[in-house]
Amino acid sequence: MTSASTPANGGTIYHVKKGDRGTILDIAEFCLWYGAAQALFGVEMVVERGLVTALIGPSGCGKSTLLRSLNRMNDLIDGMTISGNVTLDNNNIYDPRADVIALRKRMGMVFQKPNPFPMSIFENVIYPLRVDGVRNKRLLEETAERSLKSAALWDEAKDRLHQSALGLSGGQQQRLCIARAIAGDPEVLLMDEPCSALDPISTARVEELIDELSGQYTIIIVTHNMQQAARVSDNTAFMYLGKLIEYGDTDEIFTNPKSRQTQDYVTGRFG
């Protein structure tokens, strides 16, 4: 799965073969500014379909900024500008003609803290379908069951579907948010430190879920926990000061990094 190469930008070290499973996302010379402050510098990265990719690096390195750029959530921030390209299945997501709502349907998002809506478990899960105007009761029920089963929450929730989602534990709420994200049948799941607010048992459940969902979805996860990245991901990208320093097979990144900065980070010398 790995091969050494040096990109034209002279910065990032890559050792990921491109196209083994087909490319779903291609990030090319991507830069981002908040006003005059530059947050991302020439990020180049190819994400393969059906794999789990982890974004690691110290706080403030640009991991979440990059993740939120992939479904254009950063558009909501005043003064944000970009250069470069991000393509999803060869379509430029920053094309002025791009349908941002359609893009976000293709890219489910799970946030750092569970954010269930103040409604029933059932209504939380089928919310993406409600937004699309789906009213078919059978379809809604089938989608809720399928999504909750996929999120490993069905057995715990099936007898309380019409009770408030706010009554679930933190770990259950996060799995509910994953169920809601996949109810709309996205191609990509974006996860922004989904376990940072969870206890170890709930974290383990979410990690098991990521493993079960991989292959069915392309998953990109931001994590501050290097052990978690090593456990759940196929490929890992190390970021520092807004730059992508090294990107490759997770085992290679953690056992044989090519960059001194990567080595210092994964061995705990800084970060």
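Residues numbered from 1 in each chain as written. Predicted model: local features only at pLDDT ≥ 70, side-chain atom pairs only at ≥ 80, totals over all residues. Heavy atoms only, no water.

In this section: the environment of Arg-49. In this structure, Arg-49 sits in the loop between β3 (37-48) and β4 (52-56). By relative accessible area, which is 35% here, Arg-49 ends up partly exposed. Each C-alpha atom of the pair Arg-49 and Asp-211 lies 15 Å from the other, and the pair is 162 residues apart in sequence. Here Arg-49 is in contact with Arg-21, Gly-22, Thr-23, Ile-24, Asp-89, Glu-187 and Thr-218, once residues within four sequence places are set aside. (Helix = DSSP H or I, 4+ residues; strand = E, 2+ residues; numbered from the N terminus. Buried < 20%, exposed > 50% of the residue type's maximum accessible area, 1.4 Å probe, protein only. Contact = heavy atoms within 4.5 Å.)

So, on to the nonpolar core. Among the nonpolar cores identified, the biggest contains 44 residues, and Ile-121, Leu-148, Leu-176, Leu-189, Met-191, Ile-210 and Ile-219 are the most heavily contacted of them. The element that contributes the greatest number of residues to this core is helix α7 (residues 170-183), accounting for six residues. If near-sequence neighbours (up to four positions away) are discounted, Ile-121 is found in contact with Leu-148, Ala-157, Arg-160, Leu-161, Gln-163, Ser-164, Ala-165, Leu-168 and Leu-176. Counting 33 residues, the second-largest nonpolar core is a separate cluster that includes Leu-25, Ala-39, Leu-66 and Leu-103. (Core = buried A, V, L, I, M, F, W, Y, C linked by side-chain atoms within 4.5 Å.)

Okay, the sheet that holds strand β2 (residues 23-34) next. Think of a sheet as strands paired side by side through backbone hydrogen bonds, with each pair either parallel or antiparallel. Spatially, the four strands line up as an open sheet ordered β3-β2-β5-β6, and their pairing is antiparallel. The open sheet terminates on both sides in strands that have one partner only, identified here as β3 and β6 (91-92). Bridging between β2 and β3 involves eight bridges; their strand directions are antiparallel. Along β3, the bridge assignment pairs Ile-27 with Met-45. (Pairing = 2+ DSSP bridges.)

Next up on the list: a negative patch on the surface. On the surface, Glu-208, Asp-211, Glu-212 and Asp-234 cluster together to form a negatively charged patch. Along the chain, the position of Glu-208 falls in helix α8 (residues 200-213). (Patch = residues over 30% accessible without salt bridge, like charges linked within 9 Å, V, L, I, M, F, W, Y side chains within 5 Å. Areas by Shrake-Rupley, 256 points an atom, 1.4 Å probe, with all protein chains shown as cover. Salt bridge = Lys/Arg side-chain N within 4 Å of Asp/Glu carboxyl O. Lys, Arg positive; Asp, Glu negative; His and termini not counted. Charge placed at Lys NZ, Arg CZ, Asp CG, Glu CD.)

Okay, the layout of surface pockets next. Roughly 700 Å³ of internal volume is contained in the largest pocket. As for the largest pocket, its lining consists of 24 residues, and the residues nearest its centre are Arg-104, Lys-105, Met-107, Met-109 and Pro-128. Contributions of two or more residues to the lining of the largest pocket are made by α2 (100-106), β7 (107-110), α4 (127-131) and α7. (1 Å grid on protein atoms, 1.4 Å probe; cavity = no way out; pocket = protein on both sides within 12 Å on 5 of 7 lines; lining within 4 Å. Points joined across faces, edges and corners; volume = space filled by probe spheres on them.)

Let's shift gears to the packing of helix α5 (residues 137-150) against α7. Contact geometry for α5 and α7: axes closest at 8 Å, N-to-C directions at 125 degrees. Overall, the two elements α5 and α7 adopt an arrangement that is oblique. As α5 runs across α7, the sense of the crossing is right-handed. Facing α5, whose interface residues are Thr-143, Arg-146, Ser-147, Leu-148 and Ser-150, α7 presents Leu-176, Ala-179, Ile-182 and Ala-183. Looking at side-chain class alone, the contact of α5 with α7 contains five nonpolar, three polar and one charged residues. (Axes fitted to C-alpha atoms, helices over the stretch in contact; angles between N-to-C directions. Parallel < 35°, antiparallel > 145°, perpendicular 65-115°, else oblique. Left-handed = near helix turned anticlockwise from the far one by under 90°. Nonpolar A, V, L, I, M, F, W, Y, C, P; charged D, E, K, R; others polar.)

Our focus in this paragraph is the packing of aromatic side chains. Taken as a whole and assessed by the stated rule, the structure comprises four aromatic pairs. A centroid spacing of 5.1 Å and a plane angle of 25 degrees characterise the contact between Phe-238 and Tyr-265, whose relative ring orientation is stacked. Remark: Tyr-265 occurs in helix α11 (residues 260-266) and Phe-238 occurs in strand β10 (residues 235-240); sequence separation between them is 27 residues. Using a relative accessible area of 0% as the deciding quantity, one classes Phe-238 as buried. One Lys or Arg, Arg-180, reaches over the ring of Phe-117 and ends 4.0 Å from the middle of that ring. A cation over an aromatic ring shows up here: Lys-243 above the ring of Phe-41, its NZ or CZ 5.8 Å from the ring centre. (Phe/Tyr/Trp six-rings, centres within 6.5 Å; stacked < 30°, edge-to-face > 60°. Lys NZ or Arg CZ within 6 Å of the ring centre and 35° of its normal.)

Moving on, we come to the pattern of salt bridges. All told, the structure shown has 16 salt bridges when counted by the stated rule. Here Arg-106 and Asp-89 are joined by a salt bridge, their closest N and O atoms 3.0 Å apart. You can see Arg-106 sitting in helix α2 and its partner Asp-89 sitting in the loop between β5 (80-88) and β6, a full 17 residues away along the chain. On the basis of relative accessibility, which here comes to 26%, the residue Arg-106 falls in the partly exposed class. Ionic pairing is found between Glu-156 and Arg-175, a salt bridge with its closest N-O pair at 2.8 Å. With Glu-156 in helix α6 (residues 154-157) and Arg-175 in helix α7, this pair connects stretches of sequence that are 19 residues apart. Residue Arg-175 is classed as buried on the basis of its relative accessible area, which comes to 5%. Several salt bridges converge on common partners, so that one network encompasses Arg-49, Asp-89, Arg-106 and Glu-187.

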